[in-house]
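One-letter residues, chain by chain:
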Amino acid sequence: MNKSELIEKIAEEAGVTRAAAGHTLDAAIKVVTAALKEGDQVTLVGFGSFLVSEREARKGRNPATGAEIMIAASRTPKFKAGKALRDAVN
């Protein structure tokens, strides 16, 4: 399912226009992104949690040359599914 298909399903489920569903989805994504950028965790009970994970700097290897390189520390977003979502999928 892509974004436009998701918007279509949200519009049907909520009984709103596709434009309203699209604006709502965009706003939700923007809010979650801003919260993660600040280092906050976003928890939707029954669905799951969005959080930021810290990766430490580490040594890596260039696969083309075999030369050792340093990979910088970084932050990466993660999603952990809630119990209700896991149960629904299984």
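Residues numbered from 1 in each chain as written. Predicted model: local features only at pLDDT ≥ 70, side-chain atom pairs only at ≥ 80, totals over all residues. Heavy atoms only, no water.

Peer 1: For this particular structure, what's the right way to read the domain arrangement of the protein chain?
Peer 2: The parts lose accessible area when they come together, and the size of an interface is often stated as this lost area. Domain boundaries assigned for the protein chain yield domain 1 (1–39) and domain 2 (40–89). A separation of 23 Å is found between the C-alpha centroids of domain 1 and domain 2. Between domain 1 and domain 2, the residue contacts involve six residues of the former and eight residues of the latter. Interface area for domain 1 against domain 2, summed over the two sides, is near 580 Å², with a carbon-plus-sulfur share of 64%. Three residues, V32, L36 and G39, lead the burial of domain 1 against domain 2; their summed loss comes to 73% of the area buried on that side. Across the contact surface, domain 1 and domain 2 share zero salt bridges. Among the residues forming the side of domain 1 that touches domain 2, the class breakdown is three nonpolar, one polar and two charged. (Domains from an automatic or database assignment. Contact = heavy atoms within 4.5 Å. Buried area = accessible area lost by both parts, 1.4 Å probe. Salt bridge = Lys/Arg side-chain N within 4 Å of Asp/Glu carboxyl O. Nonpolar A, V, L, I, M, F, W, Y, C, P; charged D, E, K, R; others polar.)

Peer 1: Could you clarify how one ought to interpret the pattern of salt bridges in this entry?
Peer 2: When the charged atoms of two side chains lie near each other, side chains of opposite charge can form a pair. Under the criterion given, the structure shown has four salt bridges. For K83, the salt bridge is made with D87, and the minimal N-O distance between the two is 2.8 Å. With a gap of four residues between them, K83 and D87 both fall in helix α3 (residues 83–89), about one helical turn apart. Residue classification places K83 among the exposed positions, given a relative accessible area of 55%. (Helix = DSSP H or I, 4+ residues; strand = E, 2+ residues; numbered from the N terminus. Buried < 20%, exposed > 50% of the residue type's maximum accessible area, 1.4 Å probe, protein only.)

Peer 1: Just to check I follow, could you spell out the packing of aromatic side chains for this structure?
Peer 2: In this description, an aromatic ring pair is defined by two values, namely the gap between the centres and the angle between the planes. Summed over the entire model, instances satisfying the criterion amount to two aromatic pairs. Ring plane angle 50° and centroid distance 5.4 Å describe the contact between F47 and F79, whose orientation is recorded as tilted. With F47 in the loop between β1 (42–44) and β2 (48–55) and F79 in strand β5 (residues 74–81), the pair connects residues that are 32 residues apart, well separated along the chain. The exposure class assigned to F47 is partly exposed, which follows from its relative accessible area of 39%. Overall, F79 belongs to the partly exposed group, its relative accessible area being 37%. (Phe/Tyr/Trp six-rings, centres within 6.5 Å; stacked < 30°, edge-to-face > 60°.)

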